[in-house]
Amino acid sequence: MSTDPHAPIDVLIVGAGLSGIDAAYRLREAVPDLNYRIVEQRSRIGGTWDLFRYPGVRSDSDIYTLSFPWNPWRGDLTIARGDEIREYLESTAKDFGIHDRITFDVEVTAADFDSTTDLWTVDVIVEGEPATIVTRFLYMSTGYFRYDAGYRPEFPDEREFSGTIVHPQLWPEDLDYDGKRVVIIGSGATAVTLVPALAERAGAVTMLQRSPTYLFPYPWTDPLTRGIKRVLPVQAAHDVIRWRNAVLTMGIFLFCRRFPKLARRGLRAIAKSMLPPGYPVDTHFKPSYEPWDQRLCIIPDGDFYQTIKDGRAEVVTDRIARFDEVGVTLESGRHLDADIIVTATGLDLIPFGGVSMSVDGEHFDAGDKFAYRGYMLDDVPNLAWAVGYTNASWTLRVDLTSRAVGELIAHMRERGYTRAMPTLNGARPKAHPLLELDAGYVKRAGGTLPKAGDRTPWQVRHNLILDAIDARRYHVEEEMVFDSHAP
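Summarised in this report is the structure supplied together with it. The numbering scheme is per chain: residues are counted from 1 as the chain's sequence reads. Given that this is a predicted model, residues contribute local features only at a pLDDT of at least 70 and side-chain atom pairs are listed and counted only at 80 or more, while totals for whole chains, interfaces and linings are drawn from all residues. Each side-chain value is derived from all of the structure's non-hydrogen atoms; neither hydrogens nor water enter the calculation.

Considerations on the packing of helix α11 (residues 394–415) against helix α13 (residues 464–473)
The packing of two helices is summarised by the inter-axis angle and the distance between the axes.
Next up, step 1: To get an axis, a line is fitted to the C-alpha atoms, and for a helix only the part in contact is used. The angle between two axes follows their N-to-C directions and goes from 0 to 180 degrees. Secondary structure elements are defined from DSSP: runs of H or I of at least 4 residues count as helices, runs of E of at least 2 residues count as strands, and each element is numbered from the N terminus. Packing of α11 against α13 brings their axes to within 11 Å, and their N-to-C directions diverge by 10 degrees. Judged by the inter-axis angle, α11 sits roughly parallel to α13. Across the interface between the two elements, Leu-396, Arg-397 and Leu-400 of α11 pack against Leu-464, Asp-467, Ala-468 and Ala-471 of α13.
Next up, step 2: Each residue receives one of three labels: charged for Asp, Glu, Lys and Arg, nonpolar for Ala, Val, Leu, Ile, Met, Phe, Trp, Tyr, Cys and Pro, and polar for the others, Gly being one of them. Class assignment for the residues of the contact of α11 with α13 results in five nonpolar, no polar and two charged. An angle below 35 degrees is treated as roughly parallel, one above 145 as roughly antiparallel, one from 65 to 115 as roughly perpendicular, and anything else as oblique. Whether two residues touch is decided by their heavy atoms; if any such pair falls within 4.5 Å, the residues are in contact.

A short note on the packing of aromatic side chains
Next up, step 1: Geometry of aromatic contacts follows a simple scheme: Phe, Tyr and Trp rings, the Trp one being its six-membered ring, pair when their centres are within 6.5 Å, and the pair is stacked under 30 degrees between planes, edge-to-face over 60, tilted otherwise. Evaluated as defined, the whole model comprises 21 aromatic pairs.
Next up, step 2: With a centroid separation of 6.2 Å and 65 degrees between ring planes, the pair formed by Phe-304 and Tyr-305 is classed as edge-to-face.
Next up, step 3: Among the residues examined, Tyr-305 registers a relative accessible area of 2% and is labelled buried.
Next up, step 4: Grouping aromatic residues by their ring pairs yields a cluster made of Tyr-25, Phe-68, Trp-70, Trp-73, Tyr-88 and Phe-96.
Next up, step 5: The rule is short: NZ of Lys or CZ of Arg within 6 Å of the ring centre and within 35 degrees of the ring normal puts a charge over the ring. In this arrangement the basic side chain of Arg-201 is found over the ring face of Tyr-177, its NZ or CZ atom lying 4.3 Å from the centre.
Next up, step 6: The residue whose ring lies beneath Lys-369 is Phe-364, and the NZ or CZ to ring-centre distance is 5.6 Å. Relative accessibility decides the category of a residue: with a 1.4 Å probe and only protein chains considered, values under 20% of the type maximum give buried, values over 50% give exposed, and everything between is partly exposed.

Points about the pairing of strand β13 (residues 320–324)
Next up, step 1: Alignment of β13 against strand β14 (residues 327–330), held across four bridges, turns out to be antiparallel. For Arg-322, the partnering residue across the bridge sits in β14 and is Thr-329.
Next up, step 2: When DSSP finds at least two bridges between two strands, those strands are taken to pair. Counting the residues between successive antiparallel strands, the hairpin from β13 to β14 contains two residues.

Structure (structure tokens):
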């Protein structure tokens, strides 16, 4: 890594997860001689899929849309496990010449754009020592949640508990839950993943939820996918399966939004059919919100429901009154005995991985900015940020973003531009949330995330089909100001 301020690189990519590896491939595709580097705070590739190591961790969307369109997924399962995804990312980076351009154990703390040179100076910490990297373009592939800690509310008298309290985001490798009584607090994707995984070895598993979540069974594998892979070449099969699954997922989302009452009845019918006769479905699996107000939780082959049906786990819908030495007392008066309590209480969102951002020494907050096409910010030059879909696989959008950024940088190269900055020219569009979800982690983020506008290119749609069409007809100069710095 160069720390010479007189030797700027073309692009610095922050993060070596799905977004960062995709960005590296697409940028070199657009500009083959691009001089780029990737810095990663962790010690190995993977991002989210290196961080999350709790039992049963897996993708919450199908792997054919989560994997890269340019490197086919060769596994047999439709839903991939966390270690499989990380290994796929590792091999992809090595096979495509990306791995050698990654520097690990680098913490990015701040970045400042200098409009007199059109360069970003990025402050980093390497092996405990401060350093700087100078780059012409900064690509933040950090996602939008905090890596160092998850959301963790304080519970009354929790210090009284004599057992172990653990958050899934920081799961201890040596945690022994064999034969133990485990209470999982939460009802989201992490909780419904943990229940069947822990039930294989734990003595008793209880999922304690304040309110229910919509669950949707999805097959670990399906005959049509296997058939397509048998008759088509690898890349062609991947393309067909990827688009089929993407369109199917979007169709389910649009159906739920257009016909919420039918969707509610359908999801309730699925739950009822997979749970024991007489099970109180409306108590534990009838949310107060409409389908897709919050993300639909995938349960492969209905494993969560099957675990409940087999009596290997229990769902309790109640509120916590207090912790005590041996478990949790609920507001209803019931007591849940526990040796281990898992706080699957969610994520904390944070833009740019918590990096302090400024232009000409003046700090700006992402929440004060409008998002240009979902990946740049108004009046901030030479900066991109990868953010995925909330209603489909993360990679579907970040790949569109990476291709668009590659097109932008290629355009700048061809015209001799050193600065590209989207601008509203003083206009203030009607603001909308960047993420179209009513989930707790989105509400907690408040105004920290950029805003979406009410017109293109400031409108942020969570619709792959419309975005794919828009990407084909978009012109790179739309509401973008270019300039050249004379050396």
